[in-house]
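A structural walkthrough
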Amino acid sequence: MATELTDAEAVVITISAEADMILVRQMLRAAAQRIGLGLVDQTKIITAGSELARNILTYATGSRGTVRIEEVRARGRKGVRATFTDEGPGIPDIEQALTDGFSTNRSLGLGLPGARRLSDEMTITSAPGSGTTVVIVKWAR
Amino acid sequence: MTASPVGERDPGTRLRELEAMLDAIAGYALIKLDLDGAVADWSRGAERLLGHPAGEIVGRPFATFYTEEDAAAGLPASDLAAARETGRAETEGWRVRKDGERFRAATVIALIHDDDGTATGYAAAIRDVTESRRAEAMFRGLLESAPDAVVIVESDGRIMLVNRQTELMFGYDRDELIGQPVEVLVPERFRARHGAYRGGFIASPQTRPMGTGLELYGRRRDGSEFPVEISLGPLESDRGTLVSAAIRDITERREQELRLQRQRDEILELSTPVIQVWDKVLALPIIGTLDSLRAARLTESLLEKIAENQAEVIILDISGVPTIDTQVAQHLLKTVQAATLMGAASILSGVRPETAQAMVHLGIDIGRLRSRNKLRDALQLALRIVADRAGSSQEAARTVMGEWPA
Amino acid sequence: MTAEVFPIMRIGDTLLISLQGELDDATVLRIEDRLANEVARTGATGTLIDVSGLTIVDSFIARVLTRVVGMIRLLGSHAVIVGIQPAVAITLVELGVPMGHLHTALNAEQGMALLRRLRDHGDRAD
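Residues numbered from 1 in each chain as written. Chains lettered and ligands numbered in written order. Predicted model: local features only at pLDDT ≥ 70, side-chain atom pairs only at ≥ 80, totals over all residues. Heavy atoms only, no water.

**Description of the overall build of chain B**
- If you tally the helices and strands in chain B, you get 14 helices and 16 strands.
- For chain B, contacts bridging at least 24 residues in sequence account for 50% of all contacts bridging at least 6.
- Here chain B displays about 22700 Å² of accessible surface, and carbon together with sulfur accounts for 54% of that area. (Helix = DSSP H or I, 4+ residues; strand = E, 2+ residues; numbered from the N terminus. Contact = heavy atoms within 4.5 Å. Areas by Shrake-Rupley, 256 points an atom, 1.4 Å probe, with all protein chains shown as cover.)

**Things to note about the pairing of strand β3 (residues 65–74) of chain A**
Residues and elements named next belong to chain A.
- Of all ten residues in β3, eight are buried; the element is thus mostly enclosed.
- Direction of pairing for β3 relative to strand β4 (residues 77–86): antiparallel, over a ladder of ten bridges. Looking across to β4, one finds that Ala74 is bridged to Arg77.
- Remark: two residues form the turn of the hairpin made by β3 and β4, two consecutive strands paired antiparallel; Arg75 in that turn has positive phi of roughly 50°. (Buried < 20%, exposed > 50% of the residue type's maximum accessible area, 1.4 Å probe, protein only. Pairing = 2+ DSSP bridges.)

**What to know about the packing of helix α11 (residues 292–309) of chain B against helix α12 (residues 326–341) of chain B**
Residues and elements named next belong to chain B.
- Contact geometry for α11 and α12: axes closest at 10 Å, N-to-C directions at 20°. Here α11 is positioned roughly parallel relative to α12, judged by the angle of their axes. Here α11 and α12 pass one another in a crossing that is right-handed. For the pair α11 and α12, the contacting residues are Ser292, Ala295, Thr299, Leu302, Leu303 and Ile306 in the first and Gln327, His331, Thr335, Ala338 and Ala339 in the second.
- Partitioned by chemical class, the residues of the contact of α11 with α12 number six nonpolar, five polar and no charged. (Axes fitted to C-alpha atoms, helices over the stretch in contact; angles between N-to-C directions. Parallel < 35°, antiparallel > 145°, perpendicular 65-115°, else oblique. Left-handed = near helix turned anticlockwise from the far one by under 90°. Nonpolar A, V, L, I, M, F, W, Y, C, P; charged D, E, K, R; others polar.)

**Comments concerning the interface of chain A and chain B**
- Every contact between the two is made by ten residues of chain A and, on the other side, ten residues of chain B.
- For the pair chain A and chain B, the summed buried area comes to about 970 Å², and 45% of that belongs to carbon and sulfur atoms.
- Seen at the junction of chain A and chain B, the total is zero salt bridges.
- Viewed at the interface, chain B and chain A are joined by zero residue pairs in polar contact (both at pLDDT 80 or more).
- Grouping the amino acids of the side of chain A that touches chain B by side-chain chemistry returns four nonpolar, one polar and five charged. (Buried area = accessible area lost by both parts, 1.4 Å probe. Salt bridge = Lys/Arg side-chain N within 4 Å of Asp/Glu carboxyl O. Polar contact = N/O pair within 3.5 Å; in protein donor to acceptor, adjacent residues only side chain to side chain.)

**Points about the interface of chain C and chain B**
- Contact with chain C, which involves 22 residues of that partner, is made by 28 residues of chain B.
- Counting each side, the surface lost to burial between chain C and chain B is near 2200 Å², with a carbon and sulfur contribution of 59%.
- At the boundary of chain C with chain B, the tally comes to two salt bridges.
- Between Arg116 of chain C and Glu395 of chain B there is a salt bridge; the shortest N-O distance is 2.9 Å.
- The interface formed by chain C and chain B holds nine residue pairs in polar contact (both at pLDDT 80 or more) in total.
- Elements supplying a minimum of two residues to the side of chain C that touches chain B: α3 (86–95), β5 (104–105) and α4 (108–121) of chain C.

**Things to note about the side chain of Ser126 of chain A**
Residue and element names in this part refer to chain A.
- Summarising the element assignment, Ser126 is placed in strand β5 (residues 121–126).
- Residue class for Ser126 comes out buried when judged on its relative accessible area of 18%.
- Within the structure, Ser126 has its side chain in polar contact with the backbone oxygen of Gly131 (distance 3.3 Å).
- A polar atom in the side chain of Ser126 sits 3.1 Å from the side chain of Thr132.
- Filtering out sequence-adjacent residues up to four positions away, Ser126 remains in contact with Gly90, Ile91, Ile94, Gly131 and Thr132.

**Here's the deal with the packing of α12 of chain B against α3 of chain C**
- Packing of α12 of chain B against α3 of chain C leaves a shortest axis separation of 9 Å and a crossing angle of 130°. Overall, the two elements α12 of chain B and α3 of chain C adopt an arrangement that is oblique. Considering the relative orientation of α12 of chain B and α3 of chain C, their crossing is right-handed. The residues of α3 of chain C that touch α12 of chain B, namely those facing Lys334, Gln337, Ala338 and Leu341 of chain B, are Ala89, Ile90, Leu92, Val93 and Glu94 of chain C.

**A short note on the pattern of salt bridges**
- All told, the structure shown has 37 salt bridges over all chains when counted by the stated rule.
- A salt bridge links Lys138 of chain A to Asp41 of chain A; the shortest N-O distance between them is 3.8 Å. With a gap of 97 residues between them, Lys138 of chain A in strand β6 (residues 132–139) and Asp41 of chain A in helix α2 (residues 39–59) connect regions that are remote in the sequence.
- We classify Lys138 of chain A as buried; its relative accessible area is 4%.
- Residue class for Asp41 of chain A comes out buried when judged on its relative accessible area of 7%.
- For Arg352 of chain B, the salt bridge identified is with Glu354 of chain B, shortest N-O distance 3.2 Å.
- With a relative accessible area of 45%, Glu354 of chain B lands in the partly exposed category.

**Things to note about a nonpolar patch on the surface**
Residue and element names in this part refer to chain B.
- A grouping of Leu15, Leu18, Met21, Leu22, Ile25 and Tyr28 is seen on the molecular surface, where their side chains present a nonpolar patch of about 500 Å² in accessible area.
- It is helix α1 (residues 11–24) that provides the largest number of residues to the nonpolar patch, a total of four residues.
- Checked against the element boundaries, Tyr28 lands in strand β1 (residues 28–33). (Patch = residues over 30% accessible without salt bridge, like charges linked within 9 Å, V, L, I, M, F, W, Y side chains within 5 Å.)

**Regarding the environment of Ala53 of chain A**
All names here are of chain A.
- Inspection of the secondary structure puts Ala53 in helix α2.
- With eleven residues separating them along the chain, Ala53 and Arg64 place their C-alpha atoms 9.6 Å apart.
- Contact partners of Ala53, with chain neighbours within four places excluded, come to Ile15, Met21, Val24 and Phe84.

**Looking at the packing of aromatic side chains**
- Overall, the coordinates contain five aromatic pairs over all chains when judged by the stated rule.
- Ring geometry for Phe62 of chain B and Tyr66 of chain B: centres 5.4 Å apart, planes at 75°, overall edge-to-face.
- A relative accessible area of 3% places Phe62 of chain B in the buried class.
- An aromatic cluster of three or more residues is present, and its members are Trp42, Phe62, Phe65 and Tyr66 of chain B.
- In this arrangement the basic side chain of Arg54 of chain A is found over the ring face of Phe60 of chain C, its NZ or CZ atom lying 3.7 Å from the centre. (Phe/Tyr/Trp six-rings, centres within 6.5 Å; stacked < 30°, edge-to-face > 60°. Lys NZ or Arg CZ within 6 Å of the ring centre and 35° of its normal.)

**Points about helix α5 (residues 75–86) of chain B**
All names here are of chain B.
- Taking 1.5 Å of rise per residue, the twelve residues of α5 would be expected to cover 16 Å, and the 17 Å separating its terminal C-alpha atoms lies within 8% of that figure.
- Those residues of α5 not exposed but buried are Pro76, Asp79, Leu80 and Ala83. For α5, the angular spread of buried residues about the axis comes to 95°, placing them on one side. Exposed positions of α5 whose direction lies more than 90 degrees from the buried face are Ala77, Glu85 and Thr86.
- On its buried face, α5 sits against β1, α4 (68–72), β3 (88–96), β4 (102–113) and β5 (119–128).
- With its phi angle positive at about 90°, Gly87 sits one or two positions after the end of α5. (Expected span 1.5 Å × (residues − 1). Arc of directions from axis to C-beta.)

**Some thoughts on the side chain of Lys138 of chain A**
- Among the polar contacts made by the side chain of Lys138 of chain A, one reaches the main-chain carbonyl oxygen of Leu118 of chain A at a distance of 2.9 Å.
- Residues within four places of Lys138 of chain A in sequence aside, it is in contact with Ile35, Leu37, Asp41, Lys44, Ile45, Lys78, Gly79, Val80, Leu118, Ser119 and Asp120 of chain A.

**Considering α12 of chain B**
- Helix length check: α12 of chain B, at 16 residues, gives a terminal C-alpha distance of 22 Å against a target of 22 Å (1.5 Å per residue), a fit within 8%.
- Residues Val328, Ala329, His331, Leu332, Thr335, Val336, Ala338, Ala339 and Leu341 of chain B constitute the buried set of α12 of chain B.
- Residues of α12 of chain B that are buried in the fold lie against β13 (281–287), α11, β14 (313–320) and β15 (345–349) of chain B together with α3 and β5 of chain C.
- Between the side-chain oxygen at the start of α12 of chain B and the backbone nitrogen of Gln327 of chain B there is a gap of 3.1 Å, and the oxygen is on Asp325 of chain B.

What follows is the structure, encoded as structure tokens:
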């Protein structure tokens, strides 16, 4: 499905300290409200973003990464898209990381399965040694 | 007539041979005029086209073939003058046959010279283009009357023709559009891509809708945008492959789709009401099947009601659910978990023996979720829980009040 | 970001703390510290943690809450989390964070009643 960017400006935030998490949540909230997401959907996408931002702080090399928050449009609906990138060690087995290991395996608490359930779409690109990119999208109903 | 080497034949023979060749080319009438514009020589083709036999027409003026209005306006003389000036003039206009019938003629008039360069007269070749003009007129008529905006684009992307609907839809006069690149009708951010698509279409032209799956937008003169649907078709012409695009404004349709969706949402709301059956007790009778969207709505609505009513117990009645599968069970369990986080106790009611079996077979663990077969029993249990809690609440209040002197 | 101040109120045998806004690591540690001290100092039998001001509870915050509750329990007190918002409840369930072991209530009044029952009947109450 072809997705277009809308004319709204994209926001790029460097994530390197806890204080940045607040900004990430605020910007996600702003974008979500702008496209008219209901409170529940807002909460879901902000929480998903919060999980992914915290992943960067916890697992990325130098605890550093970025997120790009932008508004997208497809099939007459608007959506929020957040792209998280880091130069971390990468995820060796994406399939495994997406399996719910939350309660049994603390080291796999990457929050990825949860973030996926909270988003409408999620795409992960990662390879050992070359960093990780996670894209999440939430569409206005 | 035996063929003889070219140089040896006399001019008269040569002319007649040429005449014979040209006569064979259907549709062309050849006339030779003297310097005053009177008919000097006449061909069989000319007789066929204009109706005058050679004997009658030789010596008559060129103006004979023009309409009264054109002759009065001096058109014959100015056409000849144009040929004198440039050596060759092309004209198009209405001409008249011997019987008075009018036809559309495309004419080429050339000044002819003898060997030492002196002008000796004119040669005129006349072609009847009535039919093709009529076809063109019909085409344009069709174009103008089309309900959609039609834009015809040349292979280099320039607009060749537009119809009235295009003017109305995009807010331009057609003069402003003809000759412009078609991308002027496309929002800026899509222009580069559009150019590429155009190239692709020219390469393999086929009648088809444009950009299936893509969101297409048109851009009006004032910069505003609107959603469109476009059908493309190739047109072969003497100027190469043209592309004809029929454009439909689908703003209305979009709005209608949105309205329908909203209606559907409202119906969903109405069909899954949360009922307050008692003070602090809410019941949610689930009827029919539960898809993800409906389940999500249900949960949201229920939780909001819990907050609104300060409910302490929720009863989920599933007697109206035909089959319990893993998906439905998951939705239910998630709803219960969320309600629990808000401090509400949950009771499942309307669980039939088959349902219980199915759930066990599916390995669904309802944990501490209470379950009753009949709604009445569920309600009884609910009231007991509420009473219990009220009791503790009173005790807690009394303790607090005991601490604070009256 | 200036340090948020979360006052701990006392209602009889019960402590009440209201969390709101953004909670970072440092703030969380401070809260844990103060609660532990207050519970120990007052001998409170119950603590209400009001989260109605938290609009986003991600897995980090959820773990923090679990930790705080566990700490309070170790100090011989019961803890009830009150005021989880509907949107937050739905999100937590979807996130898959295990919260089944936590006691929760809709508001302070229900929370007090629950603390009463927990005190009288232990953790099996309700």
